Amino acid sequence: MNHLREMLKVYFIMGSTNCFKDPREVLAESIDGGITMFQFREKGDGALTGVEKFNLAKDLQSLCRKNQIPFIVNDDIELALALDADGVHIGQEDEPASVVREKIGNKILGVSVHSMEEALAALKDGADYFGIGPVFPTKTKKDAKPSRGTTLIEELRRKGYSTPIVGIGGITTENASTVMAAGANGISVISAISHASSPYEAAKILRKRVESVEKVI
Ligand code: 3NM
């Protein structure tokens, strides 16, 4: 899936609780700046539910569609199916990846992994890409594990696994290149774009940083 590698380059994740202004505006600006994939992650204190969540997801998906940006849903398989999203991203605490794979057919399936064991299990269950983090300390996810740098990304590459990987957690315009150099195909960020005074500029700089690192995988 070489195409997926391209799509993972600048993977913007957010929901309404991550934004200081209308999420539609934030997403539109980030798309103009050059994000390559989007994940709707409506979580945390004050997160929307029910019809409000559905309507926001629909609006964000339609922005993505207009701009040929893949639209991925975090955790909520029913929402992903109802919207006919391009894919789903799940963590270790969600339904097993094998069950999710059955439900979503050939949609994109991303799985967050934190160890070699989790990575191998996710591969067996049909994951298309791994989210590996937190690479750096993050304040965005309250229950994030301690940051571990790029060790797991490097280990997977050293052992010859070519599965597409995005790093996540505390990634900024300053440190994005480090993650790419370790063997990731892209970076996923929430606050580096959603909290930026200009999501457009932030996305543009992140894209530049990611593309300035020569990829071997
Ligand atoms: N998952 P920011 S860290 C959603 O380690 C998420 O699996 C993580 O937000 C993991 O880019 C994280 O603002 C938060 O640090 C990322």
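Just so we're clear, the structure is a prediction, and the values are computed from it rather than from any experiment.

Describe the environment of Asp-45, with residues and values.
Residue position: Asp-45 is located in the loop between strand S2 (37-40) and helix H3 (50-66). For Asp-45, a relative accessible area of 79% corresponds to the exposed category. Residues Asp-45 and Gly-110 lie 65 residues apart in sequence; the distance between their C-alpha atoms is 24 Å.

Tell me what's going on with the nonpolar core, and back it up with residues and numbers.
One finds Leu-27, Ile-35, Phe-38 and Phe-71 to be the most contacted residues of the largest nonpolar core, which totals 56 residues. Among the elements that line this core, the one with the most residues is H3, at five residues. Contact partners of Phe-71, with chain neighbours within four places excluded, come to Phe-38, Phe-40, Ala-57, Leu-60, Gln-61, Cys-64, Leu-83, Ala-85, Asp-86 and Gly-87. Counting residues in each nonpolar core, the second largest holds eleven residues, with Met-7, Ile-13, Val-166 and Ile-190 among its members.

Account for the pattern of salt bridges, with residues named and values stated.
As enumerated under the stated definition, the model contains 13 salt bridges in all. A salt bridge links Lys-107 to Asp-84; the shortest N-O distance between them is 2.5 Å. Here Lys-107, found in the loop between helix H5 (97-104) and strand S5 (108-113), pairs with Asp-84, found in the loop between helix H4 (77-83) and strand S4 (87-90); they are 23 residues apart in sequence, far enough to count as distant. Using a relative accessible area of 45% as the deciding quantity, one classes Asp-84 as partly exposed. Each of the salt bridges in this network shares a partner with another, and the network as a whole consists of Glu-6, Lys-9, Arg-207 and Glu-211.

Lay out the sheet that holds S2 with the relevant residues and their values.
Pairing in this closed barrel of eight strands is parallel, and the strands run S1-S2-S3-S4-S5-S6-S7-S8 around the ring. Across the sheet, the axes of successive neighbouring strands diverge by a mean angle of 25 degrees, strand direction being ignored. The sheet contact formed by S5 and strand S6 (residues 129-132) spans four bridges and is parallel. Bridge pairing in S6 places Val-113 opposite Ile-132. Along the sheet, helix H6 (residues 116-124) makes contact with S5 and S6, crossing S5 at roughly 165 degrees.

How would you explain the site of the ligand if you had to name every residue and give the values?
As a matter of local geometry, the ligand sits amid 13 residues, with Thr-138, Thr-140, Gly-170, Ile-190 and Ser-191 nearest to it. Separating an oxygen atom of the ligand from a backbone N or O atom of Gly-170 is a distance of 2.8 Å. With respect to the ligand, the backbone of Ile-190 contributes an N or O atom lying 2.9 Å from an oxygen atom. Look at the ligand: alone it shows 420 Å² of surface, and the protein chains cover 95% of it. Taken together, the residues of the shell around the ligand sort by class into four nonpolar, seven polar and two charged.

So, the pairing of S6: which residues are in play, and what are the values?
Side-chain alternation along S6 places Tyr-129 and Gly-131 on one buried face and Phe-130 and Ile-132 on a second face that is also buried. As for the winding sense of the linkage, the β-α-β connection from S5 through H6 to S6 is right-handed. One ladder, built from three bridges, connects S6 with strand S7 (residues 165-168); its direction is parallel. Along S7, the bridge assignment pairs Phe-130 with Ile-165. Each parallel crossover has a hand, and for S6 linked through helix H7 (residues 151-158) to S7 it is right-handed.

Please give an account of the packing of helix H2 (residues 23-33) against helix H10 (residues 199-211) that cites residues and values.
With their axes 7 Å apart at the nearest point, H2 and H10 run at an angle of 35 degrees to one another. Regarding H2 and H10, the two cross each other, and that crossing is right-handed. For the pair H2 and H10, contact is made by Val-26, Glu-29, Ser-30, Asp-32 and Gly-33 and by Pro-199, Tyr-200, Ala-203 and Lys-204, respectively. Per-class residue counts for the contact of H2 with H10 are four nonpolar, two polar and three charged.

Outline the UniProt feature "binding site: Mg(2+)" (unreviewed entry) in the chain, supporting the account with residue identities and numerical values.
UniProt records the feature "binding site: Mg(2+)" (unreviewed entry) at Asp-75 and Asp-94, using the numbering of this structure. The greatest C-alpha distance among the residues just named is 6.8 Å, despite their covering 20 residues of sequence, which places them together in space. Summarising the element assignment, Asp-75 is placed in the loop between strand S3 (71-74) and H4. Setting aside residues up to four positions removed in sequence, Asp-75 forms contacts with Lys-43, His-89, Ile-90, Gly-91 and Asp-94.

About the cut-offs
- For every chain, the first residue of its written sequence is number 1, and the numbers climb from 1 along that sequence.
- Reporting in this predicted model follows two pLDDT cut-offs: at least 70 for local features of residues, and 80 or more for side-chain atom pairs to be given and counted; totals over whole chains, interfaces and linings ignore these cut-offs and use all residues.
- Processing note: side-chain calculations cover all non-hydrogen atoms of the structure and skip hydrogens and water entirely.
- Under the scheme used here, helices are H or I runs from DSSP no shorter than 4 residues and strands are E runs no shorter than 2 residues, and both carry numbers assigned from the N terminus.
- Only protein chains enter the accessibility calculation, which uses a 1.4 Å probe; a residue is then buried when its area is under 20% of its type maximum, exposed when over 50%, and partly exposed in between.
- Nonpolar cores are built from buried Ala, Val, Leu, Ile, Met, Phe, Trp, Tyr and Cys residues. Side-chain atoms within 4.5 Å join them into one set.
- The criterion used for residue contact is that any of the two residues' heavy atoms lie within 4.5 Å.
- Any Lys or Arg side-chain nitrogen located within 4 Å of an Asp or Glu carboxyl oxygen qualifies as a salt bridge.
- Pairing between strands is defined by DSSP: at least two bridges between the two strands are required.
- For helices, the fitted axis covers only the stretch in contact; all axes are lines through C-alpha atoms, and the angles between them, taken along N-to-C directions, range from 0 to 180 degrees.
- Working definition: residue near molecule or strand if any one of its non-hydrogen atoms lies within 4 Å of it.
- Any pair of N or O atoms that falls within 3.5 Å is considered a polar contact. Within protein, one atom must be able to donate a hydrogen and the other to accept it, and sequence-neighbouring residues count only if both atoms are side-chain atoms.
- In these tables, accessible area is a Shrake-Rupley quantity obtained with a 1.4 Å probe, and a residue counts as shielded only by the protein chains included in the view.
- Ten residues, namely Ala, Val, Leu, Ile, Met, Phe, Trp, Tyr, Cys and Pro, are considered nonpolar, four, namely Asp, Glu, Lys and Arg, are considered charged, and the remaining ones, Gly among them, are considered polar.
- Note on handedness: a clockwise path from strand one over the helix to strand two, with the strands aimed away from the viewer, defines a right-handed crossover.
- What makes a crossing left-handed is the near helix being turned counterclockwise from the far one by less than a right angle; a clockwise turn instead makes it right-handed.
- UniProt positions are given in the numbering used here, feature names are shortened, and annotations may be inferred rather than shown by experiment.

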